[in-house]
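Report on the structure
Chain by chain, the residues run as shown.
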Amino acid sequence: MRDDRTEAGATHDVIVVGSGAGALTGAVVAAADGLDTVVLERTPLLGGTSAYSGAACWLPGTQVQERAGLGDSTEAARTYLRALVGDAGADRREAFLRHAPELVARLESDPAVQFVWQAFPDYVAAPGRMDAGRSFVPRALPQEELGDLARLVRPAVDRDRAGRGHPGGPLVQGRALIGRLLLAATRTGNATVRTEHRVTGLITGNGRVTGVEARTPDGTVTVRARHGVLLAAGGFEGDAALRAEYGVPGSAAWSMAPSTATTGDLLRAAVRVGAATDLLDEAWWCLGTQRPDGSAAFTLGLRGGIVVDAAGQRFANESLPYDRMGRALAAARTPAHLVFDSRTGGALPAVTVPPADPAAHLESGVWVKADTLPELAGLIGVPADALTGTVARFNGHAADGTDPDHHRGEDPYDRFFADPRDAPGPNPCLVPLDRPPYYAARVVLSDLGTKGGLRTDARARVLDARGAPIPGLYAAGNTSASFTGRVYPGPGVPIGTAMVFASLAVRDMAL
Ligand code: FAD
């Protein structure tokens, strides 16, 4: 890696804006191809939401699934995506499917980047689905291998929000992915990474984008690109005004992106030079449990409890994949609560990122506790008879092992997180609520980032209102509108698609 300052007027072959998984994949590919590449990151830390993530990569039909003996194929993934998304965006779907195996082979040809398959079912019952999942994750990365660069990688969400760095031991999940890509980019000798460079504008000349303008602690600088500018700077989930303008439900305060990092600077900048947009009201949704400080925790894998709306009624299969549960919550009467009993010892029967401290949540009032269900109903403001009726009906379903209301436990994804030891009945996803005291945790609509943005083509070129590419301008990840439309097909789609289109972008620049 080269120096950490930008001299005004610097010129590179490729400018990559942002430093998430897509951005750094683009940087690795460009730099390995011999292009002088600069990564400009707004914050002092690299990795964005990608660093917080589980780093599941949904990249079908690659050598990783082959090594794991899964029987996955590009054809099966095509069948699945077509069933979910139809043929809108078919050119981008095909580019994604074609390039994913090639990209993974290329990344893994550098020992710095290693992946391993990890079971996590695809999210929707449709032809071509892999019930055990097809996504994979990076191998853990010993911090020593990364050396001083490790301190530049954004820590896990709980530590980052508390202003703490990495614990000892290897970097895992999103931190491992960012660390590994950073290592690979650095080793090429062709990549420069600059933090605290907030790109706010695009420079144009002779009908193309030729560079960017960035704010740094030392003032505003311009950086020019001979081949192109890749915008991979996340979505606008952190910008309350843009969310309101485009009608994105939820709240910037409940989004899981690093606070103040993703405010749509590049969306605005690209629109100013004529870029078209799409899907601006969309996001990668999830259920959030409210935290004492007003933020939310990404909540998934419910293995007990029920979620009730403001009327005390269930409104969905609580074991749904998190994006679908988020969509159900967006349509529900709120406030909504996750109601659970004491069989988990007062802990939430779910996975949360960051983890929840029950005592602090109870003290702040975002969780409440009562000896009886009517008392609990009073504390959360729902009719007592409705809540007791809902729980009684659910407990009956738990005894029968079927959920005629919402079909919980019928899908492989539902059962993935279930623990048969929790459920005395025949369906491991239907765990009765019968052990007082009872708890209610307030749930809110959270997101892992917006998924609408700049319109792009199969080469990740940003398009104008007529559908023509804007020369020199490319986008990937949540800065672009996803070809998956309003569906979240499986774990790792945000990162997998960001990686592929970033790679396709820099490949196009090299032509
Ligand atoms: P980001 O990774 O957010 O990167 C954007 C970067 O751009 C940030 O560093 C930001 O500071 C920078 N930036 C913003 N504005 C500017 C500017 N003006 N100038 C310069 N830089 C700028 N997805 C998966 O696919 N698999 C998973 O396993 C997974 N798990 C998740 C787990 C958690 C807890 C969370 C929160 C999310 C998870 N997601 C997962 C979702 C996924 O992490 C994000 O949707 C994805 O990483 C977004 O990638 P991105 O490159 O678009 O943006």
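Summarised in this report is the structure supplied together with it. None of these values were measured; they are calculated from a predicted model. (Residues numbered from 1 in each chain as written. Predicted model: local features only at pLDDT ≥ 70, side-chain atom pairs only at ≥ 80, totals over all residues. Heavy atoms only, no water.)

Another aspect to go through is the packing of helix α5 (residues 90-108) against helix α16 (residues 493-510). Remark: α5 packs on α16, axes separated minimally by 9 Å, with the N-to-C direction vectors making an angle of 85 degrees. Overall, the two elements α5 and α16 adopt an arrangement that is roughly perpendicular. Residues R92, A95, F96, H99, A100, E102, L103 and L107 of α5 form the contact with α16, whose own contacting residues are G496, T497, M499, V500, F501, S503, L504 and R507. The residue inventory of the contact of α5 with α16, partitioned by class, reads nine nonpolar, four polar and three charged. (Axes fitted to C-alpha atoms, helices over the stretch in contact; angles between N-to-C directions. Helix = DSSP H or I, 4+ residues; strand = E, 2+ residues; numbered from the N terminus. Parallel < 35°, antiparallel > 145°, perpendicular 65-115°, else oblique. Contact = heavy atoms within 4.5 Å. Nonpolar A, V, L, I, M, F, W, Y, C, P; charged D, E, K, R; others polar.)

To characterise two packed helices, one gives the angle between the axes of the helices and the distance between these axes. Running from amino to carboxyl end, helix α4 (residues 74-85) crosses α5 at an angle of 155 degrees, the nearest separation of the two axes being 11 Å. Comparing the axis directions of α4 and α5 gives the class roughly antiparallel. Crossing angle aside, the handedness with which α4 passes α5 is right-handed. Two secondary-structure elements touch here, α4 through T74, A77, R78, L81 and R82 and α5 through R93, E94, F96, L97 and P101. Looking at the contact of α4 with α5 residue by residue, the class counts come to five nonpolar, one polar and four charged. (Left-handed = near helix turned anticlockwise from the far one by under 90°.)

Moving on, we get to the environment of L46. For L46, the location among the structural elements is in the loop between β2 (37-40) and α2 (48-52). By relative accessible area, which is 0% here, L46 ends up buried. Separated by 46 residues in the primary sequence, L46 and R92 place their C-alpha atoms 28 Å from one another. Discounting residues that sit within four places of it in the chain, L46 has contacts with S19, E41, A51, L152, V153, R154, I178, L182, V193 and T195. (Buried < 20%, exposed > 50% of the residue type's maximum accessible area, 1.4 Å probe, protein only.)

Before going further, it helps to examine the pairing of strand β1 (residues 10-17). Burial analysis of β1 places seven of its eight residues in the buried class, the great majority of the element. With seven bridges connecting them, β1 and strand β8 (residues 219-231) associate as parallel partners. If you follow T11 over to β8, its bridge partner there is R224. Bridge count for β1 against β2 is four bridges, and the pairing is parallel. Across the sheet, residue V16 finds its bridge partner in β2, namely V39. Note on the crossover from β1 through helix α1 (residues 21-32) to β2: the handedness is right-handed. (Pairing = 2+ DSSP bridges. Right-handed = clockwise from strand over helix to strand, strands pointing away.)

These values are about where atoms sit, not about what they do.
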